[in-house]
Amino acid sequence: MSMVFATWQTLLNNFVVEAAQFNGAQIGVLQSLREVPGFLAFTAVFLLLVMREQVLALVAMALLCVGVALTGFFPSALGLYCTTVLMSIGFHYYETVNQSLTLQWLPKDQSAEFMGRALSVKAAGALLAYGAIALLMTGLGWDYRWMYLVAGGSGLVMLLALAVKFPLFPNQTPQRKTLLLRKRYWLYYGLTFLSGARRQIFMVFAGFMMVEKFGFSVGAITSLFLVNYLFNLLFAPSIGRFIQRVGERRALTVEYLGLALVFTSYALVEQAHFAAALYVIDHLLFALAIAIKSYLQKIADPEDLAATASVSFTINHIAAVVIPTLLGVLWLTAPSAVFLIGTGFALASLVLCRNIPDRPTADQAVRWAPAALTGPGVSERP
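Residues numbered from 1 in each chain as written. Predicted model: local features only at pLDDT ≥ 70, side-chain atom pairs only at ≥ 80, totals over all residues. Heavy atoms only, no water.

**What about the overall build of the protein?**
Looking only at helices and strands, one finds 14 helices and two strands in the protein. Computed over the C-alpha atoms, the radius of gyration of the protein is 20 Å, within 12% of the 21 Å expected from 2.2 N^0.38 for a compact globule of 382 residues. Based on the C-alpha atoms only, the size of the protein along its principal axes is roughly 60 × 50 × 35 Å. Here the protein holds 382 residues, and the buried ones make up 55% of them. Sequence separation of at least 24 residues holds for 87% of the intrachain contacts in the protein that already meet a minimum separation of 6. Just so you have it, the protein exposes about 15,700 Å², and 70% of that area is on carbon and sulfur atoms. Placing the 25 positive and 18 negative side-chain charges of the protein at their respective mean positions leaves the two points 5 Å apart. (Helix = DSSP H or I, 4+ residues; strand = E, 2+ residues; numbered from the N terminus. Rg over C-alpha atoms; globule rule 2.2 N^0.38 Å. Buried < 20%, exposed > 50% of the residue type's maximum accessible area, 1.4 Å probe, protein only. Contact = heavy atoms within 4.5 Å. Areas by Shrake-Rupley, 256 points an atom, 1.4 Å probe, with all protein chains shown as cover. Lys, Arg positive; Asp, Glu negative; His and termini not counted. Charge placed at Lys NZ, Arg CZ, Asp CG, Glu CD.)

This is how it looks when you write it as structure tokens:
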């Protein structure tokens, strides 16, 4: 997943500017469309009525690979919108199942460290993609079309090998096959919503700023991503251990304080090197967000994990569907205001995370809550 998606993501800003002549408003529309499948991720729970989670992960990964492989053949607004949606369906369904199975299969006292190691493995996949981009595009002069095709095609071949090699692993706890909202998960839902809003500003506009404002080339953008994932490769396992040692509340406090400073600096930056440094720091802080997932694992009933993962991806993408388009229009007149809005999201997240207990459990999910948000409060829809 990481190898294929990193190719798409790294080349995107340059591809849409150079090949499709996108402006800020069009990139906003593209990114909003990309997030629509994430908004609809709750429908994954219905697919589990007809296939196992592990099978759904393989099918979703295949869609991601096909979408990326076709991207370079359609350098127009409509073509990019279509291939992006196809790629995004695969990406978001895969990530939904990935989160669910990770939390189901891992012991609670090991999940944060494992997710840190998983980030390190994802970083290795991304580094492989960046190496291929440097060799094939910078070194051999390949164009976007063939780079996207090779990335997506290679992913399909690897996926087939994995499907043949690995067995279907048994689920330890039968999962609910209904949409589910629990009142006592409200803090998790809130953190997830704000994470989606904040992450979109980073993914859409920080990278676009590097190309539009500072004129970063494909090689420069690739180098920037290379540094990001090199940090993840080296430090993500340590970040996972840090979360296990200090707890979710302290880890998320560090993340959100850092992000508030980073977004404010984005709004003021005028030097390319400083902007690049902020981009790396922003990416590194994002690794701390695995604390949200480990928090869910500690407070959730085991049979809720698949349904909650599906719903949480939808919650994460409520703002993500709207924000790129609205802020894309704002970007045309006030780019700095876009990043100051990100500062506001980071500060709101900081306030919420301080409500996480020292040792969250199913019986104590928050330190304080209004009476209306306590108790089991299950809402299910078949």
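Once you've had a look at it, read on.
**Describing the confidence of the model for the protein**
Per-residue confidence for the protein gives a mean pLDDT of 85; residues scoring 70 or more make up 96%. A low-confidence stretch, residues 376-382 (pLDDT under 50), is modelled with 20 contacts involving residues beyond four sequence positions or located in other chains. (pLDDT = per-residue confidence, 0-100.)

**Considerations on the packing of helix 10 (residues 248-268) against helix 11 (residues 272-286)**
Between helix 10 and helix 11, whose axes approach to 10 Å, the crossing angle comes to 155°. The angle between helix 10 and helix 11 falls in the class roughly antiparallel. Remark: the crossing between helix 10 and helix 11 carries left-handed chirality. Seen from helix 10, the contacting residues are Val254, Glu255, Gly258, Leu259, Val262, Phe263, Ser265 and Tyr266; seen from helix 11, they are Phe274, Ala275, Leu278, Tyr279, Ile281, Asp282, Leu285 and Phe286. (Axes fitted to C-alpha atoms, helices over the stretch in contact; angles between N-to-C directions. Parallel < 35°, antiparallel > 145°, perpendicular 65-115°, else oblique. Left-handed = near helix turned anticlockwise from the far one by under 90°.)

**Digging into the pattern of salt bridges**
Oppositely charged side chains may form a pair once their charged atoms are brought near each other. Using the criterion set out here, one finds eight salt bridges in the structure. In this structure, the salt-bridge partner of Asp304 is Arg182, at a minimum N-O distance of 2.5 Å. Of the two residues, Asp304 sits in the loop between helix 12 (290-299) and helix 13 (305-331) while Arg182 sits in strand 1 (residues 179-182), which places them 122 residues apart along the sequence. By relative accessible area, Asp304 is classed as buried at 0%. One network of salt bridges, in which partners are shared, links Arg182, Arg184, Asp301 and Asp304. (Salt bridge = Lys/Arg side-chain N within 4 Å of Asp/Glu carboxyl O.)

**Examining the packing of aromatic side chains**
Counted according to the given criterion, the structure contains 16 aromatic pairs. Consider the rings of Tyr188 and Tyr189, whose centres lie 6.0 Å apart with planes at 55°: the pair is tilted. With a relative accessible area of 2%, Tyr188 lands in the buried category. Residue Tyr189 is classed as buried on the basis of its relative accessible area, which comes to 11%. Centroid distance Phe205 to Trp331: 5.4 Å. Interplanar angle 25°. Geometry classified as stacked. Highlighted residues: Phe205 in helix 8 (residues 186-212) and Trp331 in helix 13, separated in sequence by 126 residues. Pair check on accessibility: Phe205 and Trp331 agree, each one buried. Grouped by ring-pair contacts, the aromatic residues Phe205, Phe208, Phe263, Tyr266, Trp331 and Phe339 constitute a single cluster. Taking the ring centre of Phe286 as reference, the NZ or CZ of Arg199 above it sits at 3.6 Å. (Phe/Tyr/Trp six-rings, centres within 6.5 Å; stacked < 30°, edge-to-face > 60°. Lys NZ or Arg CZ within 6 Å of the ring centre and 35° of its normal.)

**Side note on the nonpolar core**
Among the nonpolar cores identified, the biggest contains 113 residues, and Met209, Tyr266 and Phe339 are the most heavily contacted of them. No other element matches helix 8, which puts 17 residues into this core. Beyond its immediate stretch of four places on either side in the chain, Tyr266 contacts Phe202, Ala206, Met209, Ala275, Leu278, Tyr279, Asp282 and Phe339. Counting residues in each nonpolar core, the second largest holds nine residues, with Leu56, Ala57, Tyr93 and Val97 among its members. (Core = buried A, V, L, I, M, F, W, Y, C linked by side-chain atoms within 4.5 Å.)

**Structural notes on helix 11**
For the α-helix, the turn length of 3.6 residues means that residues three or four positions removed from each other point alike. Counted at 1.5 Å a residue, the expected span for helix 11 with its 15 residues is 21 Å, and the 21 Å between its end C-alpha atoms agrees. Taken together, the buried positions of helix 11 are occupied by Ala275, Ala276, Leu278, Tyr279, Val280, Asp282, His283 and Leu285. Buried positions along helix 11 lie against helix 8, helix 9 (218-246) and helix 10. (Expected span 1.5 Å × (residues − 1).)

**Description of the state of the cysteines**
This structure, assessed with the given rule, holds zero disulfides. No disulfide involves Cys82; its nearest neighbouring cysteine sulfur is the one of Cys65, lying 19 Å away. (Disulfide = S-S within 2.5 Å.)

**Looking at a positive patch on the surface**
A grouping of Arg250, Arg354, Arg359 and Arg367 is seen on the molecular surface, where their side chains present a positively charged patch. Here Arg359 lies in the loop between helix 14 (335-353) and strand 2 (378-381). A relative accessible area of 69% means that Arg359 is categorised as exposed. (Patch = residues over 30% accessible without salt bridge, like charges linked within 9 Å, V, L, I, M, F, W, Y side chains within 5 Å.)

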